[in-house]
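Chain by chain, the residues:
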Amino acid sequence: MKIKNTSGPIARWTWGLMMNKHLIADPAERAKRAADKEEWVLDFLRDEVYSTTAILSDVMAIGERAARSVLARMEKKGLLVRDEVKFMGMKAIPLWGITSTGVMTGLTPEEVATVSLRYHTPGSVKPLTIAHTLDTQKCRLHCEVVEDFESWTPDRLLPGKGLKKADPKRWEHYPDAVGEAVHKEKQLIYKVAIEIERTRKTPARYVAIIKAHMKNIEKGRYQRVWYFCPTKQEADSLQALFLRLMKEKGIGFWPDNDTKYSPEQSLKLFRFRTMEDFK
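Residues numbered from 1 in each chain as written. Predicted model: local features only at pLDDT ≥ 70, side-chain atom pairs only at ≥ 80, totals over all residues. Heavy atoms only, no water.

Visitor: For the pairing of strand β6 (residues 188–196), give the residues involved together with the corresponding values.
Guide: Strand direction decides the pairing type here: strand β5 (residues 177–183) and β6, joined by 7 bridges, are antiparallel. The partner of valine 182 across the bridge, within β6, is isoleucine 189. Pairing of β6 with strand β7 (residues 224–229), which is carried by 5 bridges, proceeds in the parallel orientation. Looking at the pairing, valine 192 lines up with arginine 224 of β7. Handedness of the β6-helix α8 (residues 203–218)-β7 crossover: right-handed. (Pairing = 2+ DSSP bridges. Helix = DSSP H or I, 4+ residues; strand = E, 2+ residues; numbered from the N terminus. Right-handed = clockwise from strand over helix to strand, strands pointing away.)

Right under this line is the structure:
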């Protein structure tokens, strides 16, 4: 049983379902599948730097027990390093981070020229940011597998992220990620900015963010914005708030120099989803 392409998320999940039903007898094929799983983990962590066993098990499309064996093997090879985040009065969250060796392993010369060289340093993850980071990673898997996203770029890898605010190459606002979604009816690919909204911001801050998203859309950096909130009620509430702010502040999208969308039309650039879909 062979799958032509096991590099994409959909193919990984298909492969995982097949492997749950069939045991690979050929030692060479087993070795190939073991190497595939390691490659998927490294590809994911070159973008994300660190993650949990649960999320990485989904990346490999296997159970957590099997995933721990793969990750421990990769640790012995020097590809990964174990870490944990400790919370006051709470159980520590175990993490797996990519090492500098892991970053460079298996890359072609062309990939070496462009890959992010960031690797994980144990103890560097802040408890205040871990929940948001892991939610973004879960959202990535949801979008890649369920929404058929073609690609995913975390915020830290978006163009101009490290530049000063006055630099013209720096974006007006950086979402948590940008992915390429497939419009099945129109058979085209469009870019979507992803925002994980765990907590609410002030109305004034949202006004600035809405305007910045519209500037980014005008400049072709992406075409839509998807907000993921913890619950559907919070998603619906945020959508209502955006419409109210657009009306009160006269905010509208300008598709060209002569046309301005109404608040209702402009709101269609935004989609409000729930994180309950991928928990």
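Still more ground to cover, so stick around.
Visitor: Residue-level account of the sheet that holds strand β3 (residues 90–98), with values.
Guide: Strand order in this open sheet of 3 strands is β1-β3-β2, and the pairing throughout is antiparallel. Whereas interior strands pair on both sides, the edge strands pair on one side only; in this sheet they are β1 (50–51) and β2 (80–87). Note that β1 and β3 share 2 bridges and pair antiparallel. Note that in β3 the partner of serine 51 across the bridge is tryptophan 96. Packed on one face of the sheet, helix α7 (residues 127–145) meets β1, β2 and β3 and runs near 125° to β2. (Contact = heavy atoms within 4.5 Å. Axes fitted to C-alpha atoms, helices over the stretch in contact; angles between N-to-C directions.)

Visitor: Give me the lowdown on α8, citing residues and values where you can.
Guide: For α8, built from 16 residues, the straight-helix expectation of 22 Å at 1.5 Å per residue is met to within 8% by its first-to-last C-alpha distance of 23 Å. Taken residue by residue, α8 has Tyr206, Val207, Ile209, Ile210, Ala212, His213, Met214, Asn216 and Ile217 as its buried positions. The inward-facing, buried residues of α8 contact β6, β7, α9 (232–249), α10 (263–267) and β8 (270–274). Within two residues after α8, glycine 220 carries a phi angle of roughly 80°, on the positive side. (Expected span 1.5 Å × (residues − 1). Buried < 20%, exposed > 50% of the residue type's maximum accessible area, 1.4 Å probe, protein only.)

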